[in-house]
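Analysis of the macromolecular model
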Amino acid sequence: QEQFVESGGGSVQPGGSLRLSCRASGFTLDYYPVGWFRQAPGKEREGVACIASSDGSTYLRKSVKGRFTISRDVAKSTVYLDMVNLEPDDTAVYSCAVRKPGGSSCQQVVGDFGDDNYYGMDFWGKGTLVTVSS
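A brief report on the enclosed structure follows. (Residues numbered from 1 in each chain as written. Predicted model: local features only at pLDDT ≥ 70, side-chain atom pairs only at ≥ 80, totals over all residues. Heavy atoms only, no water.)

**Some points on the nonpolar core**
Grouped together as the largest cluster of nonpolar side chains are 28 residues, with contacts concentrated most on F4, W36, F68, V79, L81, M83 and Y94. At the level of elements, β3 (18-25), β4 (34-39), β5 (46-51), β7 (68-73), β8 (78-83), β9 (92-99) and β11 (128-132) are the ones that each hand at least two residues to this core. Once you skip the residues sitting within four places of it in the chain, Y94 turns out to touch E6, L20, W36, F37, R38, V48, F68, L81, M83, G127, T128 and V130. With eight residues, the next largest nonpolar core counts C50, A97, V109 and M121 among its residues. (Core = buried A, V, L, I, M, F, W, Y, C linked by side-chain atoms within 4.5 Å. Buried < 20%, exposed > 50% of the residue type's maximum accessible area, 1.4 Å probe, protein only. Helix = DSSP H or I, 4+ residues; strand = E, 2+ residues; numbered from the N terminus. Contact = heavy atoms within 4.5 Å.)

**Some remarks on the state of the cysteines**
Tallying each qualifying case throughout the model produces two disulfides. Covalently, C22 is tied to C96 through a disulfide, its sulfur atoms 1.8 Å apart. Across the S-S bond of C22 and C96 the torsion is about 95°, and the bridge reads as right-handed. On the criterion of sequence distance, the pair formed by C22 in strand β3 and C96 in strand β9 is long-range, its members being 74 residues apart. Take C22: its relative accessible area is 0%, and that puts it in the buried class. (Disulfide = S-S within 2.5 Å.)

Here it is as structure tokens:
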């Protein structure tokens, strides 16, 4: 089935950097909106970044602004998440998904409206683990 394949996770010390990749498998990404999500043990999954269709506008959760950057390579059907100055609280499994028609806006994905009830995301990947510790 169509899904994303995430890669690039690993173990880093606080202050370290990583680039995560989200590659479309079994479909062509084009300019579909894509969100990056993370889930730490015992916590609810939350959207951390999102890139919109057409104009490529990007959105970030407040807790990662200034540290994370999302970008897209259309030719490679891949979306990236660049992370710098990583903190222990960033430890989580990071996954990505595409917005289905009628699904959550990028602002909803990153919680800009004060609620984290995103919906209508599809082709979820299995995720890649990021561990930040001394």
